Amino acid sequence: MPKLLIVLFTLILSMPKALAVNVDAFIDEKLAPVTNAIADFIFMNMPGTEVPIIIFWILFAGIFFTFYFRGLSVWGFKHAIDTVINHDKDHADKHENKEGTGAGEVSSLQALATALSGTIGIGSIAGVAISISIGGPGAAFWIFAGALLGMSIKFVEASAAVKYRRFNLDGSVSGGPMHYIAHGLTRKKLRPLGQTLAVIFATLCIGGAITGGNMIQINQSAHQLVLITGGESSFLHGCTWLFGLIVAVLVGAAVVGGIKSIAKVTSILVPSMCFLYIGAGLIVILANFMNIPHAIWVICKEAFAPEAVAGGVFGTIIIGLRRSVQSNEAGTGAAAIAYAAVKTKEPISQGFVSILETFLTGVLCLLTSFTIVFTGSYLNPHEGVSGIELASSAFESVIPFFPYILSVVVILFALSTLISWAYYGQKAWNYLFGEGKKRNLTFNILYCLFIVIGSAMNVKSIIDITDAMMIAMSIPNLIALYILAPEIKQDMFDYCRRFKVGTWIYRDKLGNLEPAPVAVEDKE
């Protein structure tokens, strides 16, 4: 930790020289061409069309797993809620004493909060606003549809992550896609494929952590701060990297304690920021209740028959699904890294809990969409206004002082996401280069450096590379999930038999069983 702070404070001492030039413009000019080239490659179109191949890869996976598990997002939803909130000691003793004490680092609720802090970020506000400004109101429909389809994918990811996690000598847990890809496929006698895909995933995860979990978060936070402090006349205009430097120090201090300290921070931040943002969103919606029927009609109509959107309905679907994947991360496997640390011996139990994360992220994105569409802010945006500024103007139309509240919410969103993704990226880094304090320090310095860089770049360059890196993670991850799906399904059948879950939907597999209490996470 002291070494990390020394590096960051060295950057602070270089401020006078940096202020002599426009650091923001310099950083954007040098890095934008690189990020744009990477994004263009990953979003390569199908021959003769303007439809990226990668979008169909995600869409097909969502549809496949939803049907493969017979609509698990519907029949498993109540069980997921019960599993999180059920803390009855008698029931815990009944099931846990005969199964043994589950090893791990955090509770089921803390793992969910950590995963939520990674997904409920700036993408749920600024990303949604950008999608609507480009793809019209119809993009909101596809953002939420993507979340519903992603719930079954997240179930498989979390279940596999707990099943194939590994315990280190110091008691910490290492898990996530790189582990279930490598070890799961090895069990299937596909070791060369598993090792290759695991390395590819870990590499992309580091890139996703630096971009989607880092740069877009700090970038939009900095822009909101500039907006409320005077815009072009703000003392931060052209110097947003200073704000990035301060946040880098805070994040560096938070991630040193590992998943336990991260879980403690996120379990406080997530409820606070969600309560504040949802409360404000409901006020805006209720203030425009007369517009609700028409606005919902516009969203549904524009989803299938968009006006003035490049690429027509496919353009709207692409924009919506891109934002959906970036916000809820279903298919990317990122949140599975947090779920791997849960204290339980029931991998499927955490799989059920994980579907709540995807659903809640979709609801928050929908809330942002409603405020923008219900207020009509997307119809007459000011020149150059998009992202966080568009969302801010929608709220400001009802709550004049909301930009200041939004600044607090945005910074909380960004901080929680930055912290969670620092953990995700570090675990991917450890998979490639091994465990150890020096290796962790190297990644933390790199991660914090990109916080400073991201705060200074142009939002267009940031959003493209963010979507590209995070969606690319789905390629190796989904290949493994298709291979492991039958195994996870059999584990689910065994779980459902023992805990009497889903008996009506799987009557042919489980028979007529009476309902029984749900499983809960292992206690300390």
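Residues numbered from 1 in each chain as written. Predicted model: local features only at pLDDT ≥ 70, side-chain atom pairs only at ≥ 80, totals over all residues. Heavy atoms only, no water.

1. Here's the deal with the pattern of salt bridges
Applying the stated rule across the entire model yields eight salt bridges. One salt bridge connects Glu357 with Lys154, and the closest N-O pair in it is separated by 2.7 Å. Of this pair, Glu357 sits in helix H18 (residues 347–375) while Lys154 sits in helix H10 (residues 138–163), and the two are 203 residues apart along the sequence. Grouping residues by exposure puts Glu357 and Lys154 together as buried. (Salt bridge = Lys/Arg side-chain N within 4 Å of Asp/Glu carboxyl O. Helix = DSSP H or I, 4+ residues; strand = E, 2+ residues; numbered from the N terminus. Buried < 20%, exposed > 50% of the residue type's maximum accessible area, 1.4 Å probe, protein only.)

2. As for the nonpolar core
Within soluble globular proteins, side chains that are nonpolar tend to cluster in buried spots. Counting residues in hydrophobic clusters, the biggest one holds 156 residues, and the most contacted among them are Phe155 and Met492. A per-element tally of this core places helix H12 (residues 191–228) first, with 15 residues. Leaving out residues up to four positions away in the same chain, Met492 has contacts with Phe69, Leu72, Trp75, Phe155, Ile348 and Tyr506. (Core = buried A, V, L, I, M, F, W, Y, C linked by side-chain atoms within 4.5 Å. Contact = heavy atoms within 4.5 Å.)

3. A short note on a nonpolar patch on the surface
Taken together, Met46, Ile53, Phe56 and Phe314 make up a surface patch of nonpolar side chains, about 350 Å² in accessible area. For Ile53, the location among the structural elements is in helix H4 (residues 53–68). The partly exposed category is assigned to Ile53, whose relative accessible area is 44%. (Patch = residues over 30% accessible without salt bridge, like charges linked within 9 Å, V, L, I, M, F, W, Y side chains within 5 Å. Areas by Shrake-Rupley, 256 points an atom, 1.4 Å probe, with all protein chains shown as cover.)

4. Observations regarding the side chain of Glu357
Glu357 sits in the buried class, given a relative accessible area of 0%. Engagement of the side chain of Glu357 in a polar contact is seen with the side chain of Lys154, the distance being 2.7 Å. Excluding its chain neighbours within four sequence positions, the residues that come into contact with Glu357 are Leu112, Ala115, Leu116, Thr119, Lys154, Asn328, Ala335 and Tyr339. (Polar contact = N/O pair within 3.5 Å; in protein donor to acceptor, adjacent residues only side chain to side chain.)

5. Focus: H10
Taking 1.5 Å per residue, 26 residues should reach 38 Å; H10 reaches 39 Å between its end C-alpha atoms and fits that length. Counting buried residues along H10, 22 of its 26 residues qualify, which places the element largely inside the surrounding structure. (Expected span 1.5 Å × (residues − 1).)

6. So, the environment of Val363
By the element assignment, Val363 lies in helix H18. We classify Val363 as partly exposed; its relative accessible area is 35%.

7. Observations regarding the packing of helix H11 (residues 177–187) against helix H20 (residues 402–433)
It is at 10 Å that the axes of H11 and H20 come closest, and there the two elements cross at 40 degrees. The orientation of H11 with respect to H20, classified from their angle, is oblique. Judged by residue contacts, Met178, His179 and Ala182 of H11 engage Lys427, Ala428 and Tyr431 from H20. Across the contact of H11 with H20, the residue classes tally to four nonpolar, one polar and one charged. (Axes fitted to C-alpha atoms, helices over the stretch in contact; angles between N-to-C directions. Parallel < 35°, antiparallel > 145°, perpendicular 65-115°, else oblique. Nonpolar A, V, L, I, M, F, W, Y, C, P; charged D, E, K, R; others polar.)

8. So, the packing of H4 against helix H23 (residues 474–499)
Packing of H4 against H23 brings their axes to within 11 Å, and their N-to-C directions diverge by 10 degrees. As judged from the angle between their axes, H4 and H23 are roughly parallel. In this structure, H4 crosses over H23, and the sense of that crossing is left-handed. Of H23, the residues touching H4 (which contributes Ile54, Trp57, Ile58, Phe60, Ala61, Phe64, Phe65 and Tyr68) are Ser474, Ile475, Leu478, Ile479, Leu481, Tyr482, Ala485, Pro486 and Lys489. (Left-handed = near helix turned anticlockwise from the far one by under 90°.)

9. Points about the packing of aromatic side chains
Going through the model one piece at a time under the given rule, you end up with 26 aromatic pairs. With a centroid separation of 6.4 Å and an interplanar angle of 50 degrees, the aromatic rings of Phe60 and Tyr482 are classed as tilted. Here Phe60 is found in helix H4, whereas its partner Tyr482 is found in helix H23, with 422 residues between them in sequence. Overall, Phe60 belongs to the exposed group, its relative accessible area being 51%. (Phe/Tyr/Trp six-rings, centres within 6.5 Å; stacked < 30°, edge-to-face > 60°.)

10. Considerations on H18
Between its first and last C-alpha, H18 extends 43 Å over 29 residues, near the 42 Å set by a 1.5 Å rise per residue. The element H18 is largely enclosed, with a buried count of 22 among its 29 residues. Of the residues one or two after H18, Gly376 is the one with positive phi, at around 75 degrees.

11. Details of the side chain of His179
Residue placement: His179 occurs in helix H11. Judged by relative accessible area, which is 8%, His179 ranks as buried. Not counting residues up to four positions away in its chain, the partners in contact with His179 are Tyr164, Arg166, Ser174, Gly184 and Tyr431.

12. Some words on the confidence of the model for the protein
Mean pLDDT over the protein works out to 79, with 81% of the residues at or above the 70 mark. When pLDDT is averaged over each helix and strand of the protein, the minimum, 41, is found for helix H7 (residues 89–96) and the maximum, 95, for H11. Across residues 87–101 the pLDDT falls below 50, and counting only partners more than four positions away or on other chains, this stretch makes 23 contacts in the model. Of the regions scoring below 50 in pLDDT, residues 513–524 engages in 47 contacts with residues more than four places distant in sequence or in other chains. (pLDDT = per-residue confidence, 0-100.)

13. Details of the environment of Gly434
Relative to the elements of secondary structure, Gly434 occurs in the loop between H20 and helix H21 (437–456). Among the residues examined, Gly434 registers a relative accessible area of 23% and is labelled partly exposed. Apart from residues lying up to four places away in sequence, Gly434 is in contact with Trp429 and Arg439.

14. Some remarks on the environment of Ala140
Inspection of the secondary structure assignment puts Ala140 in helix H10. On the basis of relative accessibility, which here comes to 1%, the residue Ala140 falls in the buried class. Along the chain, Ala140 and Leu321 lie 181 residues apart, while their C-alpha atoms are 9.5 Å from each other. Those residues in contact with Ala140 that lie beyond four places of it in its chain are Ile299, Leu366 and Ser369.

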